[in-house]
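Take a look at the letters that make up each chain.
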Amino acid sequence: MLISYRWLGRHVDLEGTTPQEVAEALTIHTAEVEGLEPFAPWLADVVVGHVLECDRHPDADKLSVCSVDVGGAGDGNPLQIVCGAPNIAQGQHVAVARVGTVLPGDFKIKKSKIRGVESRGMICSVRELELGEDHSGIWVLPDGVQIGKPVADEADLRDWVIEIDNKSLTHRPDLWGHRGIAGEIAAIQGRSLKPLDLTLPATEAGEAYPVRVESEACTRYIGLPIDGVRNGPSPVWMRNLLLAVGQRPLDLLVDLSNFVMFDLGQPNHLFDRRRLSAEGIVVRQAADGETMTTLDDVQRSFTCEDMLITSGGEAVAVAGVMGGEGSKVGDETGELLLEAASFLATPVRRTAARLGLRTDASARFEKSLDPTLPEKAAAHMVHLLRELQPDIRLPRPAGDAGSWKDPACEVQLRCERVRSVLGAPVEDEFIRTTLTRLGFGVSGEGTLTVQVPSNRATKDVGIEEDLIEEVGRVYGYGNIEERSLESVLTPAPHDARRNLVRALQDRLSGAAAFHEVMTHSFQSEELVSAIGLRDEPYVEVVNPVVESEFRVRRSVLPSLIGLLELNRRNRDEVRLYEIGKGYRIDEPNERGEPRELHQLALAWIRPRSGSERFGESGIQLMRGVVEDLFDHADRVFVGWEPGAREAAPPWAHPGKWLTAGPTEEPHAVVGELEPGLAVRLGLRGELDGEITLAEISLDGMLSQPEAQKTYRSIPRFPGVKVDVALAVPESLFAEEAAAAIERAGKGLVEGLELFDLYRGESVGAGRKSLAYHVLLQSPTKTLTDKEVSKFFSRLEKETESLGGELRRE
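A quick note: this is a predicted structure, and the numbers were derived from the prediction, not measured. (Residues numbered from 1 in each chain as written. Predicted model: local features only at pLDDT ≥ 70, side-chain atom pairs only at ≥ 80, totals over all residues. Heavy atoms only, no water.)

(A) Just the overall build of the protein, in detail. The helix and strand inventory of the protein stands at 22 helices and 41 strands. A globule of 809 residues ought to have a C-alpha radius of gyration of about 28 Å, yet the protein, at 45 Å, is considerably larger. By principal-axis analysis of the C-alpha atoms, the protein measures approximately 140 × 70 × 65 Å. The burial tally for the protein puts 48% of its 809 residues in the buried class. Taking contacts inside the protein between residues at least 6 apart in sequence as the whole, the part at least 24 apart equals 69%. (Helix = DSSP H or I, 4+ residues; strand = E, 2+ residues; numbered from the N terminus. Rg over C-alpha atoms; globule rule 2.2 N^0.38 Å. Buried < 20%, exposed > 50% of the residue type's maximum accessible area, 1.4 Å probe, protein only. Contact = heavy atoms within 4.5 Å.)

(B) Molecular detail of the packing of helix α14 (residues 496-509) against helix α18 (residues 618-632). One can describe the packing of α14 onto α18 by two numbers: an axis separation of 10 Å at closest approach and a directional angle of 135 degrees. Overall, the two elements α14 and α18 adopt an arrangement that is oblique. Here the hand of the crossing between α14 and α18 comes out right-handed. Residues Ala 503, Leu 504, Arg 507 and Leu 508 of α14 pack against Val 625, Asp 628, Leu 629 and His 632 of α18. Of the residues belonging to the contact of α14 with α18, the class tally is five nonpolar, one polar and two charged. (Axes fitted to C-alpha atoms, helices over the stretch in contact; angles between N-to-C directions. Parallel < 35°, antiparallel > 145°, perpendicular 65-115°, else oblique. Left-handed = near helix turned anticlockwise from the far one by under 90°. Nonpolar A, V, L, I, M, F, W, Y, C, P; charged D, E, K, R; others polar.)

(C) Structural view of the pattern of salt bridges. Under the defined criterion, the tally for this structure stands at 57 salt bridges. One salt bridge connects Glu 470 with Arg 456, and the closest N-O pair in it is separated by 2.8 Å. Here Arg 456 lies in helix α12 (residues 454-457) and Glu 470 lies in helix α13 (residues 464-475), a separation of 14 residues in the sequence. Its salt-bridge partner being Asp 688, residue Arg 608 comes within 3.1 Å of it at the nearest N-O pair. One end of the pair, Arg 608, is in the loop between β33 (595-606) and α18; the other, Asp 688, is in the loop between α19 (675-680) and β37 (690-697), with 80 residues separating them in the sequence. With relative accessibility at 31%, the residue Asp 688 sits in the partly exposed group. The network of salt bridges with common partners includes Arg 172, Asp 174, Glu 184, Arg 456, Asp 460, Glu 470 and Arg 473. (Salt bridge = Lys/Arg side-chain N within 4 Å of Asp/Glu carboxyl O.)

(D) Quick peek at the side chain of Asp 370. Along the chain, Asp 370 falls in the loop between α8 (360-365) and α9 (373-388). Among the polar contacts listed, one links the side chain of Asp 370 to the backbone nitrogen of Asn 455, at a separation of 3.4 Å. Sequence-distant contacts of Asp 370, defined by excluding residues within four places in its chain, comprise Gln 266, Ser 342, Lys 376, Ser 454, Asn 455 and Thr 458. (Polar contact = N/O pair within 3.5 Å; in protein donor to acceptor, adjacent residues only side chain to side chain.)

(E) Inspection of the environment of Lys 167 at higher detail. Tracing the chain through its elements places Lys 167 in the loop between β13 (160-164) and α4 (178-189). In sequence terms Lys 167 and Glu 32 are 135 residues apart; their C-alpha atoms lie 9.0 Å from each other. In this structure the side chain of Lys 167 is engaged in a polar contact, spanning 3.2 Å, whose partner is the side chain of Asp 165.

(F) Representation of the side chain of Gln 92 in the model. With respect to the helices and strands, Gln 92 occurs in the loop between β5 (79-83) and β6 (93-97). A distance of 2.8 Å separates a polar atom in the side chain of Gln 92 from the backbone oxygen of Asn 87. From its side chain, Gln 92 meets the backbone nitrogen of Ala 89 in a polar contact 3.0 Å long.

(G) Structural context of the sheet that holds strand β31 (residues 551-552). Taken in spatial order, the three strands make up an open sheet running β29-β31-β30, and their pairing is antiparallel. Two strands close off the open sheet at either side, each with one partner strand: β29 (522-523) and β30 (539-540). Sheet analysis places β30 next to β31, joined by two bridges and oriented antiparallel. Residue pairing for β31: Val 539 is matched across the bridge by Val 552. (Pairing = 2+ DSSP bridges.)

(H) Representation of the packing of helix α10 (residues 415-422) against α13 within the structure. The geometry of α10 relative to α13 is characterised by a closest axis approach of 10 Å and an angle of 65 degrees between their N-to-C directions. Comparing their axes, α13 and α10 come out roughly perpendicular. Read as a crossing pair, α10 and α13 show a hand that is right-handed. Contact residues: α10 offers Arg 417, Val 418, Val 421 and Leu 422, while α13 offers Glu 464, Glu 465, Ile 468, Val 471 and Gly 472. Across the contact of α10 with α13, the residue classes break down as five nonpolar, one polar and three charged.

(I) Structural detail: helix α21 (residues 734-745). Spanning twelve residues, α21 covers 17 Å between terminal C-alpha atoms, matching the ideal 16 Å at 1.5 Å per step. For α21, every residue scored as buried is listed here: Ala 737, Ala 738, Ala 740, Ile 741, Ala 744 and Gly 745. Angular distribution of buried residues about the axis of α21 spans 155 degrees; they occupy a single face of the element. Just downstream of α21 lies Lys 746, where phi reads positive at about 50 degrees. (Expected span 1.5 Å × (residues − 1). Arc of directions from axis to C-beta.)

(J) Structural view of the sheet that holds strand β16 (residues 268-272). Taking strand neighbours across the sheet as the criterion, the four strands line up as β16-β23-β15-β24 in an open arrangement whose pairing is antiparallel. In the strand order of this sheet, the two ends are held by β16 and β24 (399-401), each with one partner. On average, adjacent strands in this sheet sit at an angle of 15 degrees to one another, irrespective of strand direction. Judged from the five bridges that link them, β16 and strand β23 (residues 335-343) form a sheet pairing that is antiparallel. Bridge pairing in β23 links Phe 271 to Leu 337. Relative to β16, helix α6 (residues 252-264) is tilted by about 160 degrees, and along the sheet it contacts β16 and β23.

Below is the structure:
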């Protein structure tokens, strides 16, 4: 956004400051200034000349040879300049670019010969100086200008242009006009803002101009009739200010409309009221396919998402974006309708983007303007127009429609809180003075009651921290002394559950090579029916995202089961896990909420093998994973028990599942997938495999005592490794055989590992052979062969007591 330094001077006294100081103050305290440049710097080298003589060119009918006095800007002698402008005449005061002057477009003036006549400069037109579009002739300056002085001074064009980053003003809709920026400078530099009458003058009696708002995207629309207007050129001071901010002056009415917008930040529009219907104005949404020719002479088509200003059923403007060609003001316009409105930001932005028509008006409406500003802008327009044409009339009251509300509010501000947040000794009086200069109302002591005006309450100030920021930026963040941060650090509370989850994730995703998945808590009708869980009580969702997925899972494992077929299609071996929650509506807490079960579910699919080594079945491997997780989490593992066939979970093979922990709520369950379920899930044929599942209760793990880890020194004496094989009844558990070996060792057994299971004729029917690696070791001496023999003798007796025998072959 471009800001004119001279324009700011209309609102705040800038005496004693410079454009550079103003730009720096804005950057430090308000918004980033991207650039500061003199307006039209080439005008400093273009001087006022007086045409002493003007004769026809001897060799060209359309050229004139002029003798131009440039006073002290030359060598004392008049300059001979060849000019082709049709309006050049003797006695005129003109803008002269001397030899060496560089004009826009990097056009450097050189001494030259034109049709054989020497020319030592150029008499400039308005367009050549980028001061307008008129190129019909040279720029004739008014009488009274001083010959030889820079045109910038004599035409009152000295100015500086401040370019402010638009992004830094997005949250400050009050700063999209010179009045708002001037208010910031006044507050920052301790100056007074000049008064500006923004009250709407009294109108003649009668009914208000008819205005009706049918679109929710228009919160306020003011339509004010003005009569007795005479269009024509705008005053020089207005044209110069508009030029400084990049606006091309056209005529009084268009320039005045633009001036009010750039002055207050409120877009407005002037209609030729004679071209409107007597029915007045209706603000409505467009019909699909509705068309209108805009001011840029382009016919545009609209959709129902666009908002239009209409009269007599015909569109006369695109709301918040651009007016229509059919109702524009012209030289003959004498009866006006002034529009000043508030539109919602999003619809205006969407329409401007869809039409590819982003204007100065739409850029401001996109920032959510103050809804009280339209009336002020209308008043400002009338006052300015009346200064230029005192005889204008307001023939009837303005139409004012819409559902707007004044956003002004009150916020409590604690002065001590300001000092605490800013870390600076800001005095109460400074806080009060600063907020007052910024336009806030302030009352109270210690804890201030701050009245936030509507222009700041709109999308900006609404809480105490906003006011602290206002004080801080005016105080100057650079004025806050650096100091070390001091704070009481409180250690985060120990969260055993979170630590457990992270330990399990680290182990499974790392050494165990499992992949973590995250599924929704909703389960489909198809899945729960396939598993056999359809009749269980569920928490049900009233408005599910997917119609069939209205059940909230009771446990995590079924969600993992639903992923097996898809993952098996992509990999030969699948290892998945999920940590999540199940919800039991039939076990509510004291508040009636479903009980939450925090669980870890695991799934492992391996290709089937014709032969596998002892200890490498799916259940044994999954047992090892579960036991390793308990060990890694430093939790005591209670040991496995065979699961009863009649109590098997619906997903488990009735004869191939194990449980650990209490029967009612096991800490862990491991089992093979029920074969029929595998078929129903599509895991057959090429997708068949050895599928092992496990479910671990995190609550169960946390209920177990932490495993005590003690230091063990390196053995001083070597151990003796022996292998033993016990032929025992088929019903004997391996744990009982291992206990017998421990008893026979009398404290010398340091290592024990089952490495083979054998059934066959050599051991007899109803019997099995269990083979163990045994490490015998004493902490006080090296074992002798005699002591090892005694171990075997004791083991033989222990085995016989179990109904077995020690195999010796």
